[in-house]
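Residue-level listing of the chains:
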Amino acid sequence: MNEITQEVVVNITEEETIIDLSQMTQKYHSEIYLKKIVGGSVLEISLKSFLGLITLQLKNGDHLTVRVVGEDCKEALDEVVRFLS
């Protein structure tokens, strides 16, 4: 199984929402995860989980690790990184 990761700093506009991000990733077969340190704890959530995204409390300037596992991981990673940065 293919797996790739990339670090990204969040820089999104007010028009871009976590709902858009979650919906955008539904077309991929790969599993997509975001990892962030929140309150001293490392959280890794599935990007396809709307509730997980709320838990991360994403804001501009956040440093995330995007991890994608699956057959279309490269395409999924590229789109997620493009959206977040």
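Above: the structure in question.
Right, let's walk through the structure included here. (Residues numbered from 1 in each chain as written. Predicted model: local features only at pLDDT ≥ 70, side-chain atom pairs only at ≥ 80, totals over all residues. Heavy atoms only, no water.)

### Quick word on the overall build of the protein chain
When helices and strands are counted, the protein chain shows 3 helices and 4 strands. Going from N to C terminus, the protein chain has its helices and strands arranged as β-α-β-β-α-β-α. What you see for the protein chain is a C-alpha radius of gyration of 12 Å, in line with the 12 Å of a compact globule of 85 residues. If you line up the protein chain on its principal axes, its C-alpha atoms span 30 × 30 × 20 Å. When each of the 85 residues of the protein chain is scored for burial, the buried share is 40%. Long-range pairs, those at least 24 residues apart, make up 71% of the contacts in the protein chain between residues at least 6 apart in sequence. Placing the 8 positive and 14 negative side-chain charges of the protein chain at their respective mean positions leaves the two points 4 Å apart. (Helix = DSSP H or I, 4+ residues; strand = E, 2+ residues; numbered from the N terminus. Rg over C-alpha atoms; globule rule 2.2 N^0.38 Å. Buried < 20%, exposed > 50% of the residue type's maximum accessible area, 1.4 Å probe, protein only. Contact = heavy atoms within 4.5 Å. Lys, Arg positive; Asp, Glu negative; His and termini not counted. Charge placed at Lys NZ, Arg CZ, Asp CG, Glu CD.)

### Observations concerning the environment of Gln-57
Relative to the elements of secondary structure, Gln-57 occurs in the loop between helix H2 (50-56) and strand E4 (63-69). The spatial distance from the C-alpha of Gln-57 to the C-alpha of Tyr-33 is 15 Å, given a sequence separation of 24 residues. Apart from residues no more than four positions distant in its own chain, Gln-57 is found in contact with Lys-36 and Asp-62.

Any functional reading would require information beyond the geometric quantities listed.
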